[in-house]
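What follows is each chain in one-letter form.
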Amino acid sequence: WPEDRVQAWLHEYHRRAIAVGLPLPSIERFLHDVDLMGVHRHLKVLGIFARLQHRDGKPKYLADAPRFLAYLDAVVPKYPALDPLRELLERTLKPAFAKVAA
C-alpha cells in the first residue's frame, strides 16, 4: 500500500481507539511500535521463506522476498537502534536471498 494511505489508516485507527477509551500510547509511540512489529513480522516471514527453500525444497516463495526486504529497507533506517540489524541485512541476508533468487 502507498505509505501515505497506510499512515492515514494508522492515524485514523489511533484516533478512533482513543475516542472509545482504549489505552493507547501517544501517536508517536504507537507509530514507532507499529514499525517495530512490522520489522519483526517481515523478518519472521523471510525466515519462513528460507526454511521452505532449504529444508522443504520449495523455492517459489522466494519470489516474494523482495517485497519484504523493501519494507525492511524503508523502516529499519528510521531507527538508529536498528543499525546492527541494517548492517546484518546488507551484509548477510540480502546477498543470501540474491544468490538463491538468481
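Residues numbered from 1 in each chain as written. Predicted model: local features only at pLDDT ≥ 70, side-chain atom pairs only at ≥ 80, totals over all residues. Heavy atoms only, no water.

J.: Looking at this structure, how should I read the nonpolar core?
T.: Most often, soluble globular proteins have nonpolar side chains that are buried together. Residues Val39, Leu46, Leu72, Val76 and Phe97 are the most contacted members of the largest nonpolar core, which totals 15 residues. Elements supplying a minimum of two residues to this core: α2 (27-54), α3 (65-75) and α4 (83-101). Here this core takes five residues from α3, the largest share from any one element. In this structure, valine 76 is in contact with Val39, Leu82, Leu85, Arg86 and Leu89, ignoring residues within four places of it in sequence. (Core = buried A, V, L, I, M, F, W, Y, C linked by side-chain atoms within 4.5 Å. Buried < 20%, exposed > 50% of the residue type's maximum accessible area, 1.4 Å probe, protein only. Helix = DSSP H or I, 4+ residues; strand = E, 2+ residues; numbered from the N terminus. Contact = heavy atoms within 4.5 Å.)

J.: What am I meant to see in the confidence of the model for the chain here?
T.: Predicted coordinates in areas of low pLDDT are best not read in detail. Of the residues in the chain, 98% reach a pLDDT of 70 or more, and the chain-wide mean stands at 94. The secondary structure element of the chain with the lowest average pLDDT is α4, at 89, and the one with the highest is helix α1 (residues 3-19), at 97. (pLDDT = per-residue confidence, 0-100.)

J.: Help me out: how do you make sense of the pattern of salt bridges in this one?
T.: Summed over the entire model, instances satisfying the criterion amount to nine salt bridges. Note that glutamate 90 is salt-bridged to lysine 94, the shortest N-O span being 2.6 Å. With glutamate 90 and lysine 94 both in helix α4 and four residues apart, the pair spans about one turn of that helix. Among the charged side chains, a salt-bridge network with shared partners connects Glu12, Arg15 and Arg16. (Salt bridge = Lys/Arg side-chain N within 4 Å of Asp/Glu carboxyl O.)

J.: It is not clear to me how the environment of arginine 5 should be interpreted in this structure. Could you clarify?
T.: The topology assignment puts arginine 5 in helix α1. Sequence separation between arginine 5 and proline 25 is 20 residues; the distance between their C-alpha atoms is 21 Å.

J.: So what exactly am I meant to see when it comes to α1 here?
T.: When the terminal C-alpha atoms of α1 are compared, their 24 Å separation across 17 residues agrees well with the 24 Å that a helix rising 1.5 Å per residue should span. Of all the positions in α1, only Leu10, His14 and Ala17 are classed as buried. Down the axis, α1 shows its buried residues gathered within 70° of arc, on one side only. Pointing more than 90 degrees away from the buried face of α1 are the exposed residues Asp4, Arg16 and Ala19. Next to the buried residues of α1 lie α2. (Expected span 1.5 Å × (residues − 1). Arc of directions from axis to C-beta.)

J.: So what exactly am I meant to see when it comes to the side chain of histidine 14 here?
T.: Among the secondary structure elements, histidine 14 is positioned in helix α1. Among the polar contacts listed, one links the side chain of histidine 14 to the backbone oxygen of proline 25, at a separation of 2.7 Å. (Polar contact = N/O pair within 3.5 Å; in protein donor to acceptor, adjacent residues only side chain to side chain.)

J.: Looking at this structure, how should I read the packing of aromatic side chains?
T.: Taken as a whole, this structure holds four aromatic pairs when the rule is applied. Here the aromatic rings of tryptophan 1 and tryptophan 9 are separated by 5.2 Å at their centres, their planes lie at 75°, and the arrangement is edge-to-face. Residue classification places tryptophan 9 among the partly exposed positions, given a relative accessible area of 45%. Taking 5.8 Å as the distance between ring centres and 20° as the angle between the ring planes, the aromatic pair formed by tyrosine 13 and phenylalanine 30 counts as stacked. One end of the pair, tyrosine 13, is in helix α1; the other, phenylalanine 30, is in helix α2, and 17 residues separate them in sequence. Given a relative accessible area of 44%, tyrosine 13 falls into the partly exposed group. Site record: aromatic cluster; members linked through ring pairs are Phe49, Tyr61 and Phe68. (Phe/Tyr/Trp six-rings, centres within 6.5 Å; stacked < 30°, edge-to-face > 60°.)

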